[in-house]
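# Analysis of the macromolecular model
What follows is the residue order along each chain.
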Amino acid sequence: MGAVEEVKSRTDIVELISGYVSLKKAGRNYKGICPFHAEKTPSFVVFPDTQTWHCFGACGTGGDVFSFFMQREGLDFSEALRELARRAGVLLSPPTPQSEAADRQREKLLDIHTAAAQYYHHLLRQSKEGTHAREYSAGREINSETLERFQLGYALDAWDGLKDHLLDRAYTEDDLVEAGLLVKKEETGSIYDRFRNRLIIPIRDTQGRVIAFGARALDPNDVPKYLNSPQTSLFDKSSTLYGLDLAKKSIRNNDRAIIVEGYMDVLSAHQHGHANVVAGMGTALTEAQLKLLKRFTKNFVL
């Protein structure tokens, strides 16, 4: 992710514009008096879903967080980027061969997680081996729509199911180990699938990109009951909330976030119409998680 995109992902447009304009809720959006021309009837609209704004009045202008900040503060783009990056805690530096290589590697790891999620989901929905996982899901009263919406999956009871599938797609073992999907035994050098015979739960960032997996054991003798991806360059469990990508709109609309214990609690709540529900990653609630939620509401229910 480039610096511009990272600043945009960390800057909530409603919060930024609220510092300059008194906004009122209008359905899913927010309205106020346009700060760029004189008017008495509000024609300035902020769209949180797309993180954009537009004036439907005399000036007819619009854009994203950068265009608003540039116009309001009289800055050029580089000045606006520096200030918004400072506020968002994003470190800016000129591109280097090393940073560009790191960006390419990050994109590759995101692609790997997308491919893995599709593979696991196919196994759950259509494979004979996934029968037990489908029965387990039905027993937990997870319906078909929820399976699809959260892209739940199944990991084969095998040491190299995902490994072989992704190697066939030209990814390397080193990349798959770095992604946390394969485990490499230091003593023997053997490499095998991290998740085996488990219900797979994709974990996504706020933009909806798969960055990790949670895995629920299907065999009662398997421990631990829940197994998460390890910490990687994509995934830090202390600053991630499960389900936030699907909950953020409802959290903003309800002006409240409900924080529950685990994956199944989120699945059940969303399935029953309570979409403003998220869960931690098996840790105590952290400051980083609260800062993430604060972009959408300041009201939290534990």
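Residues numbered from 1 in each chain as written. Predicted model: local features only at pLDDT ≥ 70, side-chain atom pairs only at ≥ 80, totals over all residues. Heavy atoms only, no water.

### Some points on the packing of aromatic side chains
This is how the line gets drawn: In this analysis, rings of Phe, Tyr and Trp, with Trp reduced to its six-membered ring, are considered paired at centre separations within 6.5 Å, and the interplanar angle assigns stacked below 30 degrees, edge-to-face beyond 60, and tilted for intermediate values. Where helices and strands are cited, they refer to DSSP runs of H or I of at least four residues and of E of at least two residues respectively, numbered from the N terminus. Three exposure classes are used, based on accessible area relative to the maximum for each residue type with a 1.4 Å probe and protein chains only: buried under 20%, partly exposed in between, and exposed over 50%.
Within this structure, the stated rule accounts for 15 aromatic pairs. Considering the side-chain rings of Phe 150 and Tyr 242, the 6.1 Å spacing of their centres and the 35° angle between planes classify their relative orientation as tilted. Of this pair, Phe 150 sits in the loop between helix H7 (144-149) and strand S6 (153-155) while Tyr 242 sits in the loop between strand S11 (226-228) and helix H10 (244-254), and the two are 92 residues apart along the sequence. As far as burial versus exposure is concerned, Phe 150 and Tyr 242 are alike and both buried. A ring pair is formed by Trp 159 and Tyr 192, whose centres lie 5.2 Å apart and whose planes are at 85°; its orientation type is edge-to-face. Taken as a pair, Trp 159 in the loop between S6 and helix H8 (161-167) and Tyr 192 in strand S8 (residues 191-193) lie far apart in primary sequence, 33 residues in all.

### Considerations on helix H12 (residues 287-294)
This is how it is decided: Directions are taken from the helix axis to each C-beta atom, and the arc is the one they span. Contacts: residue pairs with any heavy atoms within 4.5 Å of one another.
Of all the residues in H12, the buried ones are Gln 289, Leu 292 and Leu 293. End-on view of H12: buried residues confined to an arc of 95°, all on one side of the axis. Exposed and oriented more than 90 degrees from the buried face of H12 are Glu 287 and Lys 291. Buried residues along H12 sit against H10, strand S12 (257-260), strand S13 (277-279) and strand S14 (300-301).

### So, the pattern of salt bridges
We apply this condition: We define a salt bridge as a side-chain nitrogen of Lys or Arg found within 4 Å of a carboxyl oxygen belonging to Asp or Glu.
Taken as a whole and assessed by the stated rule, the structure comprises 10 salt bridges. The partner of Arg 28 in a salt bridge is Asp 49, and the shortest N-O contact between them spans 2.9 Å. Of the two residues, Arg 28 is situated in the loop between strand S1 (24-26) and strand S2 (29-32) and Asp 49 in the loop between strand S3 (44-47) and strand S4 (52-55); the sequence distance between them amounts to 21 residues. Given a relative accessible area of 44%, Arg 28 falls into the partly exposed group. Taking relative accessible area as the criterion, Asp 49 reaches 37% and is therefore assigned partly exposed. The salt bridge involving Glu 83 is made with Arg 86; its shortest N-O contact spans 2.6 Å. Residue Glu 83 and its partner Arg 86 are both found in helix H4 (residues 77-88); the two are separated by 3 residues, about one turn of the helix. The class of Glu 83 is partly exposed, set by a relative accessible area of 22%. A network of salt bridges, in which partner residues are shared, links Glu 83, Arg 86 and Arg 87.

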